[in-house]
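So the chains spell out like this:
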Amino acid sequence: MRNQKTLMWTVMYAVLCLLAAMWIYPIVIAFVESFKVGGAGNYEAVLNHPRFDYWSAIGNSFLLAGGSTVVIVIISSLAGFAFARMRFRGRNFLYRALLACMAIPVASVVTPLFATMNDLGLRDSYVGVIIPLVAFNVLVMLLLMKNHFDGIPQELVEAATIDGARPIGVFTKIFLPLSGPVLANVSVLSFVYCWNEYLLPNLLLSSESKFPVTAAVALLQYERMSQEQIGQLYAGLILMTIPSVIVYLFSQRYLQSGLTAGAVKS
């Protein structure tokens, strides 16, 4: 029995180390290449680049990711409460239909998405990017919120209802105060997902002054690049990831508890 347990832990750690190596290896390569030719001067060149305005791109990314995160948290929490505790016709069908939409890749709808945003006059605008960012990320967060709300004891809802609380009162006075970890989890995951989004900003934005970091880093690429320019590109990629990594590290404690709260029913 002890040997089986030791074997299980050994296999688990081996798999985890393999996965960690797969994720860390590209980052290490990018970091090494950013210093290979030009050294720390590559980072200085990126920060003073004539076209790639790093701080403006960071501000745009915070605007897009932050704005999308606020909307995602509001929609997913309200919708999660409705699907978990409210009774209405077609609830189960609608919930399953929404979850089925998670299987649709973003790349498969880029043409109608581009046409729709263009017809609405929202192309090359922050709102035109935030709307699809919310649409493509809110469903995962809805799943987390509903599963968490399903685990809140029904007795609390019944007691509040007897006291005359309306559904919105139950939501704001009972469910939200008990949902701090999962709300933090949804906020951090939404922010990181939206920050790292590459396709939508490149599809819907054309003004360089509005580019987030994932789109603006393309301004460091040229048709024929010298070794020093390649080093600057790697430096730009490293700088691009720093803010989201900082957000993740500072919120890791909330993520650990939030994942448990949002993924397991009691």
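These figures come from a predicted structure and were not determined experimentally.

Counting its secondary structure elements, the chain contains 13 helices and zero strands. Each principal axis of the C-alpha atoms in the chain carries an extent, and together these give about 70 × 65 × 30 Å. Taken over 266 residues, the chain has a buried fraction of 38%. Nonlocal contacts in the chain, meaning residues at least 24 apart in sequence, comprise 79% of its contacts between residues at least 6 apart. When the 17 positive and 13 negative side-chain charges of the chain are each reduced to one mean point, those points stand 14 Å apart.

Tallying each qualifying case throughout the model produces three salt bridges. As a salt-bridge pair, Glu208 and Arg51 come within 2.4 Å of each other at their nearest N and O atoms. Of this pair, Glu208 sits in the loop between helix H10 (199-204) and helix H11 (213-216) while Arg51 sits in the loop between helix H2 (41-47) and helix H3 (54-85), and the two are 157 residues apart along the sequence. On the accessibility criterion, Arg51 (43% relative accessible area) is partly exposed. A salt bridge links Asp150 to Lys146, with the nearest nitrogen and oxygen atoms 2.8 Å apart.

Following the criterion strictly, the structure yields 15 aromatic pairs and no others. With centroids separated by 5.2 Å and ring planes inclined at 40°, the aromatic side chains of Phe35 and Tyr43 adopt a geometry described as tilted. Among the residues examined, Tyr43 registers a relative accessible area of 13% and is labelled buried. Ring-pair connections join several aromatic residues into one group, and the members of that group are Phe81, Phe149, Phe171 and Phe175. One cation-aromatic arrangement involves Lys146 over Tyr95; the distance from NZ or CZ to the ring centre is 4.9 Å.

With their axes 11 Å apart at the nearest point, H3 and helix H12 (residues 227-250) run at an angle of 40° to one another. The orientation of H3 with respect to H12, classified from their angle, is oblique. Classified by chirality, the crossing of H12 by H3 is right-handed. Residue-level contacts link Tyr54, Ile58 and Phe62 of H3 to Leu239, Met240 and Pro243 of H12. Considered class by class, the residues forming the contact of H3 with H12 number six nonpolar, no polar and no charged.

Structurally, Ser76 is set in helix H3. In this structure Ser76 comes out as buried when scored by relative accessible area, which is 0%. Counting along the chain gives 70 residues from Ser76 to Lys146, while the straight-line C-alpha distance between them is 8.3 Å. Among all residues touching Ser76, those that are not within four sequence positions of it are Val138, Met141, Leu142, Met145 and Val186. Here Ile72 takes part through its backbone oxygen, which lies 2.7 Å from a polar atom of the side chain of Ser76.

The next subject is the UniProt feature "transmembrane region" (unreviewed entry) in the chain. When the UniProt feature table is mapped onto this chain, "transmembrane region" (unreviewed entry) is found at residues 54-81, 93-114, 126-145 and 230-250. Counted over residues 93-114, helix gives 59% and strand 0%. Its end C-alpha atoms are 29 Å apart. For residues 126-145, the end-to-end C-alpha separation is 27 Å, with 100% helix and 0% strand making up the annotated structure.

Next up on the list: the nonpolar core. Note on soluble globular proteins: their nonpolar side chains tend to be buried together. Ranked by internal contacts, the top residues of the largest apolar core, which has 54 residues, are Phe52, Ile72, Phe149, Val170, Phe175 and Val186. A per-element tally of this core places helix H6 (residues 126-150) first, with 10 residues. What Val186 contacts, discounting residues up to four positions off in sequence, is Ile72, Val73, Ser76, Met141, Leu144 and Met145.

A few words on the confidence of the model for the chain. Averaged over every residue, the pLDDT of the chain is 85; residues scoring 70 or more account for 94%. Low pLDDT, under 50, characterises residues 262-266; the predicted model gives this stretch nine contacts beyond four residues in sequence or across chains.

Each pair of packed helices can be described by the angle between their axes along with the distance between the axes. Interaxial distance between H6 and helix H9 (residues 180-195) falls to 10 Å at its minimum, and their mutual angle equals 160°. Relative to H9, the element H6 lies roughly antiparallel. When you trace H6 past H9, the crossing you get is right-handed. Across the interface between the two elements, Leu133, Asn137, Met141, Leu144, Met145 and His148 of H6 pack against Val182, Leu183, Asn185, Val186, Leu189, Ser190, Tyr193 and Cys194 of H9. Here the residues of the contact of H6 with H9 are counted per class, giving 10 nonpolar, four polar and no charged.

Calculation rules
- Within every chain, residues take consecutive numbers counted from 1 along the sequence as written.
- The model is predicted, so local features are restricted to residues of pLDDT at least 70 and side-chain atom pairs to those at 80 or more, both for listing and for counting; the totals for chains, interfaces and linings are taken over all residues.
- To get the side-chain values, take all heavy atoms of the structure and skip hydrogens and water.
- Going along the chain from the N terminus, every DSSP run of H or I of four or more residues is numbered as a helix, and every run of E of two or more is numbered as a strand.
- The buried label goes to any residue with under 20% of its type's maximum accessible area, the exposed label to any with over 50%, and the partly exposed label to all in between, with areas taken from a 1.4 Å probe on protein chains only.
- Contact definition: two residues touch when any of their heavy atoms are within 4.5 Å.
- Counting rule for charge: Lys and Arg are taken as positive, Asp and Glu as negative, and neither His nor the chain ends is counted.
- Where a charge sits is defined by one atom per residue type, namely NZ (Lys), CZ (Arg), CG (Asp) or CD (Glu).
- The term salt bridge refers to a pairing of a side-chain nitrogen on Lys or Arg with a carboxyl oxygen on Asp or Glu at a separation within 4 Å.
- Here a Phe, Tyr or Trp ring, Trp counted by its six-membered ring, pairs with any other such ring whose centre lies within 6.5 Å, and the pair is stacked when the planes are under 30 degrees apart, edge-to-face when over 60, and tilted otherwise.
- Should the NZ of a Lys or the CZ of an Arg lie within 6 Å of a ring centre and within 35 degrees of the ring normal, that charge is described as sitting over the ring.
- A fitted line through C-alpha atoms represents every axis, and for helices the fit uses only the stretch in contact; the resulting angles, taken between N-to-C directions, go from 0 to 180 degrees.
- Working rule for angles: under 35 degrees goes down as roughly parallel, over 145 as roughly antiparallel, 65 to 115 as roughly perpendicular, anything else as oblique.
- Note on convention: near helix rotated counterclockwise from far helix by under a right angle means a left-handed crossing. Clockwise means right-handed.
- Residues are grouped as follows: Ala, Val, Leu, Ile, Met, Phe, Trp, Tyr, Cys and Pro are nonpolar; Asp, Glu, Lys and Arg are charged; all remaining types, including Gly, are polar.
- Polar contacts, as counted here, are pairs of nitrogen or oxygen atoms within 3.5 Å of one another; within protein the pair requires one atom able to donate a hydrogen and one able to accept it, and residues that are adjacent in sequence qualify only if both atoms are side-chain atoms.
- UniProt positions are given in the numbering used here, feature names are shortened, and annotations may be inferred rather than shown by experiment.
- Put simply, buried Ala, Val, Leu, Ile, Met, Phe, Trp, Tyr and Cys residues joined by side-chain atoms within 4.5 Å make one nonpolar core.
- Confidence scores per residue from the predictor, reported as pLDDT, run from 0 to 100.

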